[in-house]
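Structure assessment
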Amino acid sequence: MFFSHMNSRPRTRSRRHHLLVRALWLPCVLGLITMHVVGVAGAGWEDLPVALSQPLVIRWQYDSEQTVSLTPATDRERIFLPLAGGAIVSLNSRDGRLQWRSDTGGEISASPVADDKRVYVASEYGDAASPSRTTKGALRALGQESGVTRWMRTLPGPIRGSLAVSANSLFGGAGDGKVYAIDKQTGMTRWATQYATPFASQPVLSGSLLFIGSDDGILHALDQTSGAAAWSYRTRGPIRGPVAVVSGVVYFGSGDSYVYAVRESTGKLLWRARTGAAVQSVAGTNSGVLAASLDNFVYLFSLNKGHRVWKRQLGGRIASQPLTASDGALFVPLSSNSGVVLALSDGKQVNTLLIGEDSSIGASPVSIKDLVLVTTVHGLLAFAHPIPQP
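1. A word on unusual backbone geometry
- In this structure, serine 247 takes a positive phi of about 50° despite not being glycine.
- Secondary-structure assignment places serine 247 in the loop between strand E21 (244-246) and strand E22 (249-253).
- A positive phi angle is found at asparagine 296, which is not glycine, with a value near 80°.
- Structurally, asparagine 296 is set in the loop between strand E26 (289-293) and strand E27 (297-301).

2. Section: the pairing of strand E35 (residues 379-384)
- Among the 6 residues that make up E35, 6 are buried, leaving the element largely enclosed by the rest of the structure.
- Of the pairings in the sheet, the one linking strand E34 (residues 371-376) to E35 comprises 5 bridges and is antiparallel in character. Residue pairing across strands places threonine 376 opposite glycine 379, the latter belonging to E35.
- Joining the antiparallel neighbours E34 and E35 is a turn of 2 residues.

3. Details of the sheet that holds strand E28 (residues 308-313)
- Overall, antiparallel pairing links the 4 strands, which are arranged E25-E26-E27-E28 in an open sheet. Only two strands of the sheet have a single neighbouring strand rather than two, namely strand E25 (279-284) and E28. Sheet twist, expressed as the average angle between the axes of neighbouring strands with direction ignored, equals 15°.
- For E26 and E27, the ladder comprises 4 bridges, and the chain directions are antiparallel. Bridged to leucine 290 within E27 is leucine 300.

4. Re the sheet that holds strand E23 (residues 258-263)
- Strand order in this open sheet of 4 strands is E21-E22-E23-E24, and the pairing throughout is antiparallel. On the outer flanks of this sheet lie E21 and strand E24 (269-274), each paired with one strand and no other. This sheet shows a mean twist of 20° between the axes of neighbouring strands, independent of strand direction.
- Examined bridge by bridge, E22 and E23 share 5 bridges and lie antiparallel to one another. Directly across from tyrosine 251, in E23, lies its bridge partner alanine 261.

5. Quick word on the confidence of the model for the protein chain
- In the predicted model, the protein chain carries a mean pLDDT of 88, and 86% of its residues have values of at least 70.
- Note that residues 1-46 has pLDDT below 50 and, in this model, 149 contacts with residues that lie over four places away or in other chains.

About the thresholds
Residues numbered from 1 in each chain as written. Predicted model: local features only at pLDDT ≥ 70, side-chain atom pairs only at ≥ 80, totals over all residues. Heavy atoms only, no water. Helix = DSSP H or I, 4+ residues; strand = E, 2+ residues; numbered from the N terminus. Buried < 20%, exposed > 50% of the residue type's maximum accessible area, 1.4 Å probe, protein only. Pairing = 2+ DSSP bridges. Axes fitted to C-alpha atoms, helices over the stretch in contact; angles between N-to-C directions. pLDDT = per-residue confidence, 0-100. Contact = heavy atoms within 4.5 Å.

Right, dumping it as structure tokens:
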């Protein structure tokens, strides 16, 4: 691993973005902002310190042509942005200054996660497209202050989608069908469970359970301590987005074009609602369940019965999670020039965040303090409310 301190400074003024054709990675996120979900980074919708429906302007900008469709991790003061080539950078949230850069080698395979001491990064090595080479995985814990590796362990296959973190453990699903619980202090395996099909989803923790979806359409509810199956629910399409847990009900989307609501304790189906295409983005709000399908539509379904409240079409495919607040939800469609804020009450557009021509990628928008962060093909944009003039 190569590690270096850097003193470069981001550009704090906006600039015109140019058309760039870039292959998209599997859409991943750790930036889901939901109500009553334990173990997901970020604030709940009710305490997001930014009003999404109010004017937002670029406060600072970190330039990079190496961004990927993986959602940045944040703590109270820093942003940890994954880049191509296995690099991750730490940025100061106040002004976007680069604090350190760590190069892990290979490529980062899942959205990172941070706690109050470390940043946890999953990587992959080898060429998955070549039958003569086997792709291996690795998991690292980096110190937040310096980016120095605290521990590293190798895995038979890379963790994909994203990581989840609890007080004691890291959780992730791998491309070889294993689900892991790793001691976050030592890197030792607490438990590992083998399944028949790959995982490329975003695990979510709620209470004592871990929820993780598989490519064969099964939502697994596992005990966080032992990995034992509490229950499972089968759909007819891959489950790659995170679940939303609201008041004892688990909401999730599937590649079979349905949104599902099941009882958290038993996995019993309460309702399902059809959309127009595969669903990877689901978020729980006080107004209902937001779902974005890959035919460019956003839906709001009622929490209790799954009745459709409204439906709106956006200008591009939505593969990332929305950022939600009490006054709206921010969506960033793929290959678009702006993020769109929809009102939760009726789905009408109430704000637009300009990010540059064809600049969006599959990373989810996230929030830290009074900032809204959007990853683009040209770097990271930090939006905030305009500073009042004296």
